[in-house]
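Coordinate inspection notes
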Amino acid sequence: MKYRAVLVALFAVPLAWGAGNLGSALAAPGDVVCPGENVRDGEEHPGPMRPGDTACSVLDGSVAVATRTYEQQRQVQSMERRQDARDGVLLLGYGAAGALLAWRAPRPGTGGD
């Protein structure tokens with residue numbers, strides 16, 4: 001019985017992680033946010049991007065590695081939300097199936113002959 005509880009607890013970790021990923025993907029705001037510096041009319045503007053913004057610098061540490069337009073950043077954020085939702089569903093299913101199988105597995109030494 002002790003091993004069964006340990007297995008169920010181990011499968012509860014990906015189950016909780018998947019629920020967290022799925023929840024964050026579903027609750028993500030629809031604002032398009034520049035991950036670096038959003039430059040508009042030669043000045044940096046904090047906050048969400050607006051349609052027509054064309055100079056969002058994507059940073060790697062403190063070094064700009066690319067620039068994105070509003071539409072490109074919107075597509076990147078949409079893709080990241082879909083990936084988080086997909087990963088969440090997969091982890092949730094894996095954790096739930098594993099926990100169920102570990103809980104319902106026959107005990108050693110019972111039946112089977």
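Just so it is clear, the model here is predicted, and its values are computed rather than measured.

**Regarding the side chain of Gln-77**
For Gln-77, the location among the structural elements is in helix H2 (residues 70-104). Engagement of the side chain of Gln-77 in a polar contact is seen with the backbone nitrogen of Val-33, the distance being 2.8 Å. When sequence neighbours within four positions are dropped, the list of residues in contact with Gln-77 reads Asp-31, Val-32 and Val-33.

**Examining the state of the cysteines**
Under the counting rule described, the total for this entry stands at one disulfide. Between the sulfur atoms of Cys-34 and its disulfide partner Cys-56 the distance amounts to 2.0 Å. Taking the sign of the S-S torsion, about 95° here, the bridge from Cys-34 to Cys-56 comes out right-handed. Highlighted residues: Cys-34 in the loop between helix H1 (2-27) and strand E1 (37-40) and Cys-56 in strand E3 (residues 56-60), separated in sequence by 22 residues.

Reading guide: rules and limits
Residues numbered from 1 in each chain as written. Predicted model: local features only at pLDDT ≥ 70, side-chain atom pairs only at ≥ 80, totals over all residues. Heavy atoms only, no water. Helix = DSSP H or I, 4+ residues; strand = E, 2+ residues; numbered from the N terminus. Polar contact = N/O pair within 3.5 Å; in protein donor to acceptor, adjacent residues only side chain to side chain. Contact = heavy atoms within 4.5 Å. Disulfide = S-S within 2.5 Å.

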